Protein chains: 2
Amino acid sequence: MTQTAPPAPAEFMQDLIAFIQSKGFIWGPSPEIYGGLSGFYDYAPLGKLLKNNVEQAIRDTFQVNGFWEVECPTVVPTKVWEASGHLGGFSDPLIVCTKCKASFRVDKLLEELFPDKRIPADKFLATIEKEGIMCPTCHSAFEKEIKQHSLMMKTKVGLDIEAYNRPETATTTYLPFPRYFDYFRKKLPFGVFQIGKAYRNEVSPRQFTLRMREFTQAEGQLFIFKDQKTSYAPYERIKKDKLPLWNAKLQREEKKPKKKSVEEALADGDFKNQAYAFTVWLSYKLFTNSGVPEENIRLRQHADDEKAFYADDAWDIEVKLNSFGWTEMCGAHDRTDYDLTQHGKHSGRDLSCSDETHKKEVAHVIEIAFGTDRITFALLDNFYNPQDIKEGKTTFHIPTKLAPIKVAVLPLMKKDGLQELSYEIYKELSKEHVCSFDTSGSIGRRYLRAAEDGTPYCITIDYQTKEDGTVTLRDRDTEAQVRTHKDKLADTVRVLLDGTLEFTKAGTPVQKEAKK
Amino acid sequence: MTQTAPPAPAEFMQDLIAFIQSKGFIWGPSPEIYGGLSGFYDYAPLGKLLKNNVEQAIRDTFQVNGFWEVECPTVVPTKVWEASGHLGGFSDPLIVCTKCKASFRVDKLLEELFPDKRIPADKFLATIEKEGIMCPTCHSAFEKEIKQHSLMMKTKVGLDIEAYNRPETATTTYLPFPRYFDYFRKKLPFGVFQIGKAYRNEVSPRQFTLRMREFTQAEGQLFIFKDQKTSYAPYERIKKDKLPLWNAKLQREEKKPKKKSVEEALADGDFKNQAYAFTVWLSYKLFTNSGVPEENIRLRQHADDEKAFYADDAWDIEVKLNSFGWTEMCGAHDRTDYDLTQHGKHSGRDLSCSDETHKKEVAHVIEIAFGTDRITFALLDNFYNPQDIKEGKTTFHIPTKLAPIKVAVLPLMKKDGLQELSYEIYKELSKEHVCSFDTSGSIGRRYLRAAEDGTPYCITIDYQTKEDGTVTLRDRDTEAQVRTHKDKLADTVRVLLDGTLEFTKAGTPVQKEAKK
């Protein structure tokens, strides 16, 4: 995780976590009643709805861009991880205190102490010694050895087959390649994606749900012949779109990211080819469609010395968080033919393929990979507004499309048949949207609660409803109210939610004084 | 799994699996290129869309009935499984061949040999000896010992914390109980549900995706004070609905299940109370809303000697499969205060709760538990029609709502701008529905393909479209075609899919001879 801006006040983070836990977005570390295991969390009702909405936006974005979802196992035998390189290489460097025996990740320790330097792995031990760095817990000296701690969670299948909980979804997505090739009628390119659990046994997970031991990863994989990359049809449709690009040169010169069309960026050499340019564009779309504000997104090119050894082209998406500053959230990598070559070798299966113009070539893979927990956290961080608290009110300003609950249905009173009338409305609207039905507390208290939940619209059923069938509809952000007929609600709410109707046109305005 | 009807021809099963694998619903056992690990499967593009639709129907059904979704970790520390009883008790009885050393599940072996008897666990060894049962592989004698094989997949977290991949979702749903109680404003009853992965290390998984080592479980949990069970408000709304009930008495008398209203069943003593009656009703709704045909569902009461020791009331849902006959798919259990009492004891946390009328009581739990892979399989089994094959055509008659792809957009020709025109229509419809865009092969070939995928509607863009803007719309099941204007498509398709428009009224009928 890259953090290039100074961290926002720890106070904001504290506020935010308190909001997230007390309002029922995320709880943990779980299982809380057993003391909690760090790096594991429960998504509470509001958080789960929010995460589902993020994942639905991701599904829709991939799907409309021609990528098809698959679901592969999370428990995978050892030989696969030997082939992918995870078994040998997927580990963290640890250093242990000679006295209190606490373990620390050396890379993170040094990153925090020297935020402006990039210390290479072979200099970790020397730096610890030279700078006289001591154990942060008990201030004693560290052991003069760096241990490699595997991030893989091992298990066993059947009576004695070794397997691992997958440390990433991607590898499992590559394995059915021969099946894909048949399914897509023996033609490249094609795209598939997967959203599912992955496991990293970090020694000391931190940063709440940004760095979990069990997390949900989403990734898209474009399978393509090498020579097809330079002329990729979908590129034509998106080449005029602008992206906030922070290429290696701008970073070196300490300049800001620059908005450029995909086409310009390709001409400038920021991307090597059309297919890769398209996947960077798609990564950006996945984030904006998931509700992350455009102004808090930048695309950062990897410097040459940062790239994975197999990566031909590599950009990250970074999102600006109030709690942690600019934070890496997504990688788009041209992985070339590395993966299919490896799995071909290790499985003994010929994974090359042919069509009219290609003879027995191993397909290249361009990958987009990110975590849906991180996007969910980014939304909570970006749209929670602690300034509201001072005004006696907390509003979660989540965009309507991502809001966990779309409509709160509120009978003014429980008596006189208002509750029954309200329930009918709730039931009708629930056919299309996630709604809440809240009868407890004063109407003002219930409006506040709905604002905290991020619910864009409240519907109040009062005595006038019994007379003329109208209800009040209240907007979360402006607090404006209109009256409309209950039989029109389904249509009105639908167009309000899809953004094609302005709130003030949703009914007859209610005067402020008439609000109560 | 209970199988009370004779299994359908193995031929059907072979046909079905071939269809499922070749059309891109489910592949495996995976990873196939590494030889496959039994009990693990890949959901291919069509299967994943189908499974997503099943899970969305489950979400919607729970949500509209007032249950809220949560997501809890799949990796959980050992002490939780000690408390739940899984660590000691969750195992299969195995018997090993003295010669070839193959292991078999004794219970399954005896069930197959004696389908009409129920042999209790303490008679397994005696029966093997008395009946002279030999190893099915090499026909040698078995060892005179039954071993308990744990179904739990063990792993490690951090440096040395023992944990397990969860064998069920339910236990993890119980653990945040104190958080729920706050979230639901310190009032019972409330309901939560979870859909997520669970892991059972079966020794020899069989029956395709009906019995996997890694599977997706869905379960709902109603938390309720004991005395609230007899007067549960939502019951009033559903008590007139009819359910196909096969109570213990009808089973003993070898009679068929009987359709009864929930109310009648409660009066007859089939259910002990309103809250439990409601959850059985909800289980049934979850299955019908997921597309399982009503006529293939029956609710079977557990005989007293079948119930889990903590279960006060227990019914199963059984679904009739062409491949395996009547198959257990879901359990609804009144688990009383067993779970929260256990976790209270083991965690040292007081999990009792109080409100105006209850003082420090441990809440009861009524549970619904089933697998989404099984429902997905049931849909494939029930709606795949091998008779069509003889007519030169395979149609997957999946109900519209569950169909993986809703609309196939087909340009008659790739040339003359028809492809571009079609792509615009595809893009527009894709905003609302999962669509496919198919340009390869004759139009007849593409219609056949769409029918195999279960796609309810095909839209063909032809030369007339260029002239007057109309397209043909084709119905999967009747093969009827109508012409309608492309600008009306979004609205037309929406009402066709939600079932409010009859196909014949969707446009001007096209005569059979004009079909090509």
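For the structure itself, look to the data block above.
In this text the structure is predicted, and so the values were computed from the model without any measurement. All residue numbers refer to position in the chain's written sequence, counted from 1. Starting at A for chains and at 1 for ligands, labels are handed out in the order in which the entities are written. Residues qualify for local features only when their pLDDT is at least 70, as the model is predicted, and side-chain atom pairs are given and counted only at 80 or more; totals for whole chains, interfaces and linings, by contrast, use all residues. The side-chain values count all of the structure's non-hydrogen atoms but skip hydrogen atoms and water molecules.

K.L.:
Quick rundown of the overall build of chain A? Include the residues and the values.
P.N.:
The helix and strand inventory of chain A stands at 19 helices and 23 strands. Radius of gyration here uses only the C-alpha atoms, and the compact-globule reference equals 2.2 Å multiplied by the residue count raised to the power 0.38. By the compact-globule yardstick of 24 Å for 516 residues, chain A fits well, its C-alpha radius of gyration being 26 Å. Counting only C-alpha atoms, chain A reaches 75 × 65 × 60 Å along its principal axes. Any residue under 20% of the maximum accessible area for its type is buried, any over 50% is exposed, and the rest in between are partly exposed; the area is computed with a 1.4 Å probe on protein chains only. Out of the 516 residues belonging to chain A, those deemed buried represent 60%. Contact definition: two residues touch when any of their heavy atoms are within 4.5 Å. Taking the contacts inside chain A whose residues are at least 6 apart along the sequence as the reference set, 66% of them involve residues at least 24 apart. Using a 1.4 Å probe, accessible areas were evaluated by the Shrake-Rupley method; residue-level cover was limited to the displayed protein chains. Here chain A has roughly 21300 Å² of accessible surface; of this, 50% comes from carbon and sulfur atoms. A positive count includes Lys and Arg, and a negative count includes Asp and Glu. His and the chain ends are not counted in either. Note that the charge is assigned to NZ on lysines, CZ on arginines, CG on aspartates and CD on glutamates. Separation between the mean location of the 74 positive side-chain charges and that of the 76 negative ones in chain A comes to 1 Å. Numbering of helices and strands starts at the N terminus; helices are DSSP runs of H or I of at least 4 residues and strands are runs of E of at least 2.

K.L.:
Give me the packing of helix 1 (residues 10-22) of chain B against helix 14 (residues 372-383) of chain B: which residues, what numbers.
P.N.:
Residue and element names in this part refer to chain B. Where helix 1 meets helix 14, the closest approach of the two axes is 10 Å, and the angle between their N-to-C directions is 110°. By the angle between their directions, the pair helix 1 and helix 14 is classed as roughly perpendicular. Seen along the crossing, helix 1 lies across helix 14 with a hand that is right-handed. Between helix 1 and helix 14, the residues in contact are Phe12, Met13, Leu16, Phe19 and Ile20 and Phe377, Leu380 and Asp381, respectively. Interaxial angle, 0 to 180 degrees, is taken between N-to-C directions of lines fitted to C-alpha atoms, where a helix line uses only the stretch in contact. An angle counts as roughly parallel when it lies under 35 degrees, as roughly antiparallel when it exceeds 145, as roughly perpendicular when it falls between 65 and 115, and as oblique in every other case. Should the near helix be turned anticlockwise from the far one by less than a right angle, the crossing is termed left-handed; should it be turned clockwise, right-handed.

K.L.:
Can you break down the sheet that holds strand 7 (residues 147-150) of chain B residue by residue, with the values?
P.N.:
Residues and elements named next belong to chain B. Strands pair, by our definition, only if DSSP identifies at least two bridges between them. In spatial order, the strands read 6-5-7; together these three strands make up an open sheet with antiparallel pairing. One side of each edge strand has no neighbouring strand; the edge strands of this open sheet are strand 6 (103-105) and strand 7. When the angles between neighbouring strand axes are averaged without regard to direction, this sheet yields 45°. Note that strand 5 (residues 91-96) and strand 6 share three bridges and pair antiparallel. Bridging from a neighbouring strand, leucine 94 pairs with arginine 105 of strand 6. Here helix 5 (residues 106-113) sits on the sheet and contacts strand 5 and strand 6; the angle it forms with strand 6, its principal contact strand, is near 65°.

K.L.:
For the interface of chain A and chain B, give the residues involved together with the corresponding values.
P.N.:
Contacts between the two partners involve 80 residues from chain A and, on the opposite side, 80 residues from chain B. Once two parts are joined, some of their accessible surface, as seen by a 1.4 Å probe, is lost; buried area is that loss totalled over both. Summing both partners gives a buried area of about 6800 Å² for chain A against chain B, and 58% of it is carried by carbon and sulfur. Of all residues in chain A, A:Ile33, A:Tyr34 and A:Glu71 give up the largest surface area on contact with chain B, accounting jointly for 14% of the area buried on that side. Salt bridge criterion: a side-chain nitrogen from Lys or Arg within 4 Å of a carboxyl oxygen from Asp or Glu. Inspection of the chain A/chain B interface yields eleven salt bridges. A:Glu71 is the salt-bridge partner of B:Lys48, the closest N and O atoms lying 2.7 Å from each other. We call two N or O atoms a polar contact when they sit within 3.5 Å, provided that within protein one can donate a hydrogen and the other can accept it, with sequence-adjacent residues counted only if both atoms are side-chain atoms. On the surface where chain A and chain B come into contact, there are 36 residue pairs in polar contact (both at pLDDT 80 or more). Ranked by the residues each element gives to the side of chain A that touches chain B, the list is headed by helix 2 (residues 45-64) of chain A, at nine residues. Asp, Glu, Lys and Arg are counted as charged, while Ala, Val, Leu, Ile, Met, Phe, Trp, Tyr, Cys and Pro are counted as nonpolar; the rest, among them Gly, fall into the polar class. When its residues are assigned to classes, the side of chain A that touches chain B shows 40 nonpolar, 19 polar and 21 charged.

K.L.:
Mind laying out the sheet that holds strand 11 (residues 214-224) of chain B, listing which residues take part and the relevant values?
P.N.:
Residue and element names in this part refer to chain B. Judged by pairing direction, the sheet is mixed, and its nine strands sit side by side in the order 3-10-11-17-16-15-14-12-13 without closing on themselves. The outermost strands of the open sheet, each flanked by one partner alone, are strand 3 (67-69) and strand 13 (258-261). Neighbour to neighbour, the strand axes of the sheet diverge by 30° on average, direction disregarded. Contacts between helix 2 (residues 45-64) and the sheet are confined to strand 3, strand 10 (190-199), strand 11 and strand 17 (364-371), with strand 10 contributing the most and set at about 160° to the helix.

K.L.:
Quick one: what's the story with the packing of aromatic side chains, residue by residue and with numbers?
P.N.:
Residue and element names in this part refer to chain A. Geometry of aromatic contacts follows a simple scheme: Phe, Tyr and Trp rings, the Trp one being its six-membered ring, pair when their centres are within 6.5 Å, and the pair is stacked under 30 degrees between planes, edge-to-face over 60, tilted otherwise. Across all of its chains, the model carries 62 aromatic pairs over all chains by this definition. Taking 6.3 Å as the distance between ring centres and 85° as the angle between the ring planes, the aromatic pair formed by tyrosine 174 and phenylalanine 223 counts as edge-to-face. One end of the pair, tyrosine 174, is in helix 7 (residues 170-174); the other, phenylalanine 223, is in strand 11 (residues 214-224), and 49 residues separate them in sequence. Accessibility assignment for this pair places tyrosine 174 and phenylalanine 223 in one class, buried. On the basis of an interplanar angle of 25° and a centroid distance of 6.1 Å, the ring pair of phenylalanine 177 and phenylalanine 190 is categorised as stacked. With phenylalanine 177 in helix 8 (residues 177-183) and phenylalanine 190 in strand 10 (residues 190-199), the pair connects residues that are 13 residues apart, well separated along the chain. Per residue, the accessibility class of phenylalanine 177 equals that of phenylalanine 190, and both read buried.

K.L.:
So what's going on with the packing of helix 2 of chain A against helix 14 (residues 372-383) of chain A? Residues and values would help.
P.N.:
Helix packing geometry: the angle between the two helix axes and the distance between the axes. Residue and element names in this part refer to chain A. As a packed pair, helix 2 and helix 14 sit with axes 9 Å apart at the nearest point and diverge in direction by 115°. When the axes of helix 2 and helix 14 are compared, the crossing they make is right-handed. Of the residues in helix 14, those in contact with Gly47, Leu50, Lys51, Val54, Glu55 and Ile58 of helix 2 are Thr372, Asp373, Ile375, Thr376, Leu379 and Leu380. Residues of the contact of helix 2 with helix 14, tallied by class, amount to six nonpolar, three polar and three charged.

K.L.:
For the side chain of B:Thr279, give the residues involved together with the corresponding values.
P.N.:
Mapped onto the elements, B:Thr279 comes out in helix 12 (residues 274-289). Once residues lying within four places of it in the same chain are set aside, the contact partners of B:Thr279 are B:Leu222, B:Ile366 and B:Ile368.

K.L.:
How would you sum up the pairing of strand 10 of chain A? Please name residues and give values.
P.N.:
All names here are of chain A. The element strand 10 is extensively covered by neighbouring structure, given that ten of its ten residues are classed as buried. Sheet topology note: the strand 3 (residues 67-69)/strand 10 ladder contains three bridges and is parallel. Looking at strand 10, one finds that tryptophan 68 is bridged to valine 192. Note: strand 10 against strand 11, ten bridges, orientation antiparallel. Across the sheet, residue phenylalanine 193 finds its bridge partner in strand 11, namely glycine 220.

K.L.:
I'd like a description of unusual backbone geometry, backed by residues and values.
P.N.:
All names here are of chain A. In this model, glycine 28 is joined to proline 29 through a cis peptide bond whose omega is 0°. As for its placement among the helices and strands, proline 29 is situated in the loop between strand 1 (26-27) and strand 2 (42-43). At the junction of serine 30 and proline 31, the peptide bond is cis and its omega measures out at -5° in the coordinates. As for its placement among the helices and strands, proline 31 is situated in the loop between strand 1 and strand 2. Of note, the phi angle at lysine 101 is positive, near 65°, even though the residue is not glycine. Its location among the elements puts lysine 101 in the loop between strand 5 (91-96) and strand 6 (103-105). At aspartate 416, a residue that is not glycine, the phi angle is positive and equals roughly 55°. Tracing the backbone shows aspartate 416 in the loop between strand 18 (407-411) and helix 16 (418-430). For aspartate 416, a relative accessible area of 41% translates into the label partly exposed.

K.L.:
So, the relation of the copies chain A and chain B: which residues are in play, and what are the values?
P.N.:
The copies were overlaid with a least-squares fit restricted to C-alpha atoms from residues scoring a pLDDT of at least 70 in each copy. Of the two same-sequence chains, chain A is brought onto chain B (RMSD 0.0 Å, axial shift 0.0 Å) by a rotation of 180°. The symmetry that links the two subunits is that of a two-fold axis. Measuring from the rotation axis to each C-alpha of chain A, the shortest distance belongs to A:Thr155, at 2.5 Å. With an isologous cut-off of 70% or more, the 100% of interface residues of chain A that recur at the interface of chain B puts this contact in the isologous class.

K.L.:
I'd like a description of the pairing of strand 8 (residues 153-157) of chain B, backed by residues and values.
P.N.:
Residue and element names in this part refer to chain B. Going residue by residue along strand 8, you find Met153, Thr155 and Val157 tucked away on one face and Lys154 and Lys156 left uncovered on the opposite face. Bridging between strand 8 and strand 9 (residues 161-165) involves five bridges; their strand directions are antiparallel. Note on strand 9: the bridge partner recorded for threonine 155 is alanine 163. A loop of three residues connects strand 8 with strand 9, the two strands running antiparallel in sequence, and glycine 158 in this loop sits at a positive phi of about 65°.

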